[in-house]
Amino acid sequence: MIDLSRRAFALGPSTAAFTAGTLSTVAGAANARSPAATANVATPLAQVRIGRFTVTALTDGYTDMPFSYFPGRTAQEIEAAAKVQFAARPSGIRFLFNQYLIEDGDHRILIDTGPAGSLGQSGQLPQALAALGLSRDQIDAVIVTHMHQDHIGGLVAGGQANFARAELYIDRRDVTHWTDPAKRAAAPDYLHNGFRLSADVVRLYPKLQAIDGEREIVRGVSIVDLTGHTPGHIGVRIADAGQSLLMVSDMLFPVVHPAATDINFLFEQDRAAAQAMRARFFPRAAEEGALIAATHMPFPGLGRIISDNGHLRWLAAAWAYQD
Ligand SMILES: [Zn+2]
């Protein structure tokens, strides 16, 4: 049992572990990318059927997030928790960049697009689509769960729209936030890529549809409001024939969630809102036994939040031969 409760962490100092100086250093480390490392790596694919839908998990790659990126606990505390879960790597905790392709025979909808080489070992989404025999032009719609760099990077390449044919759906609160010059000026350096990319996305996608609240995109594919991680952070619910899958994006991160709700990720500007989002969602998901897909969990990011003797934990779900 992994105990990330405040009580368990009380053994160590509880003040914030990072300073502005160390932040820029670790941000640099997270951005470092060895170009040779992704060569000859098979791109993983995983498929689940949800009623008439086929949902394919794809991944653009991964990066290792430094232990100091988790406000609410010290880097030492996060590293200790990662060690208990056999998830401590020399440079931090591995975050996957998973995307999900929803197909119903009439529509192909992609959820998120990865950092596309701008973070860690990434840029494999085109290769993953090709492994399915698909080109970007065959994607009818892209739903962006929020406008962080690791979710919108793949929308733009060489100053062009990468999915020019696709409808693009983003929550209006995120579009407003990430294109606001005052917000950009007030934001720390490590968020500026997100602001810059967001401006590109809005400029290059005239078909962008800003979403106001929960709604259905096509029959059985609905937007769910999960505000907190960012102002317009959304999930996508896929439901048919009594089955459902909820893609929750950055609702939970490896090692720290769902055991704790008071641990943030560095890029969350409104930490109280992010904590409230998780405090609302985790117990409800456990009660419902909801099948969840999460961007940064180990590939393919499919699992459930379960209550294990009163402690919430993540349980990976079967994705092959699940019938
Ligand atoms: Zn993310």
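Because the structure is predicted, anything quoted here is derived from the model rather than measured.

Asks: A description of the overall build of the chain should follow, citing residues and the corresponding values.
Replies: Each helix and strand in the chain was counted, giving 9 helices and 17 strands. For the chain, the residues scored as buried account for 46% of the 323 residues in total. For the chain, contacts bridging at least 24 residues in sequence account for 70% of all contacts bridging at least 6.

Asks: Just give me the short version of the sheet that holds strand 11 (residues 216-218), but keep the residues and values in it.
Replies: Spatially, the 7 strands line up as an open sheet ordered 11-12-13-14-15-16-17, and their pairing is mixed. Two strands in the sheet have a free side with no partner beyond their single neighbour: strand 11 and strand 17 (311-316). Direction aside, neighbouring strands of the sheet carry axes that sit 30 degrees apart on average. Most of the contacts of helix 9 (residues 271-288) go to strand 16 (residues 302-308), to which it runs at about 90 degrees, and overall it touches strand 15 (292-294), strand 16 and strand 17.

Asks: So what's going on with the pairing of strand 1 (residues 46-50)? Which residues, and what values?
Replies: Pairing of strand 1 with strand 2 (residues 53-65), which is carried by 5 bridges, proceeds in the antiparallel orientation. Residue pairing in the sheet places Ile 50 in a bridge with Phe 53 of strand 2.

Asks: Which residues make up the nonpolar core, and what are the values?
Replies: Grouped together as the largest cluster of nonpolar side chains are 83 residues, with contacts concentrated most on Val 142, Leu 245 and Val 256. Here the element with the most residues in this core is strand 3 (residues 93-103); it accounts for 7 residues.

Asks: I'd like a description of helix 3 (residues 75-84), backed by residues and values.
Replies: Those residues of helix 3 that fall on the buried side of the exposure criterion are Glu 77, Ile 78, Glu 79, Ala 81 and Ala 82. One or two residues past the end of helix 3 sits Phe 86, with phi positive at roughly 55 degrees.

Asks: Before we move on, could you go through unusual backbone geometry and cite the residues and values that matter?
Replies: Most peptide bonds take the trans form, and the phi angle of most residues other than glycine is negative. Look at the link from His 257 to Pro 258: it is a cis peptide, with omega at 5 degrees. By secondary structure assignment, the location of Pro 258 is in the loop between strand 14 (243-249) and helix 9. That bond from Phe 299 to Pro 300 is cis: its omega, 5 degrees, falls within 30 degrees of zero. Its place among the elements puts Pro 300 in the loop between strand 15 and strand 16. If you check the backbone angles, Asp 112 has positive phi at about 70 degrees while not being a glycine. The topology assignment puts Asp 112 in the loop between strand 4 (108-111) and strand 5 (121-122).

Asks: I'd like a description of helix 8 (residues 192-204), backed by residues and values.
Replies: Quick reminder: α-helices carry 3.6 residues per turn. Residues three or four places apart thus point the same way. Over its 13 residues, helix 8 extends 18 Å from the first C-alpha to the last, a length consistent with the 18 Å expected when each residue adds 1.5 Å. Looking at helix 8, one finds that the buried residues are Gly 194, Leu 197, Ser 198 and Val 201. One side of helix 8 carries all its buried residues, which in axial view fall inside an arc of 110 degrees. The elements touched by buried residues of helix 8 are helix 5 (149-152), strand 7 (156-157) and helix 6 (172-178).

Asks: Describe the environment of Gly 117, and please don't skip the residues or the numbers.
Replies: Following the sequence through the fold, Gly 117 ends up in the loop between strand 4 and strand 5. Residue classification places Gly 117 among the partly exposed residues on the basis of 19 C-beta atoms within 10 Å. With 55 residues separating them along the chain, Gly 117 and Tyr 62 place their C-alpha atoms 9.7 Å apart.

Asks: An account of the pairing of strand 9 (residues 167-171) is requested, with residue identities and associated values reported.
Replies: With respect to burial, strand 9 is a largely interior element, 4 of its 5 residues being buried. As judged from the 4 bridges shared by strand 6 (residues 141-144) and strand 9, these two strands associate in the parallel manner. For Val 142, the partnering residue across the bridge sits in strand 9 and is Leu 168. As paired strands, strand 9 and strand 10 (residues 208-211) are joined by 4 bridges and run parallel to one another.

Asks: Give me the confidence of the model for the chain: which residues, what numbers.
Replies: Here the chain shows a mean pLDDT of 89. Residues at 70 or above account for 87%. In the predicted structure, residues 7-37 sits below a pLDDT of 50 and forms 33 contacts with residues beyond four places in sequence or in another chain.

Asks: Account for the environment of Ala 141, with residues named and values stated.
Replies: The topology assignment puts Ala 141 in strand 6. Residue Ala 141 is classed as buried on the basis of its C-beta count, with 21 C-beta atoms lying within 10 Å. Not counting chain neighbours up to four residues away, the residues in contact with Ala 141 comprise His 107, Ile 109, Ala 166, Glu 167, Tyr 169 and Ile 217.

Asks: Give me the lowdown on the environment of Gly 51, citing residues and values where you can.
Replies: Its location among the elements puts Gly 51 in the loop between strand 1 and strand 2. Residues within four places of Gly 51 in sequence aside, it is in contact with Asp 240, Ala 241 and Gln 243.

What counts as what
Residues numbered from 1 in each chain as written. Predicted model: local features only at pLDDT ≥ 70, side-chain atom pairs only at ≥ 80, totals over all residues. Helix = DSSP H or I, 4+ residues; strand = E, 2+ residues; numbered from the N terminus. Buried ≥ 20, exposed ≤ 12 C-beta atoms within 10 Å, placed from the backbone. Contact = placed C-beta atoms within 7 Å. Pairing = 2+ DSSP bridges. Axes fitted to C-alpha atoms, helices over the stretch in contact; angles between N-to-C directions. Core = buried A, V, L, I, M, F, W, Y, C linked by C-beta atoms within 7 Å. Expected span 1.5 Å × (residues − 1). Arc of directions from axis to C-beta. pLDDT = per-residue confidence, 0-100.

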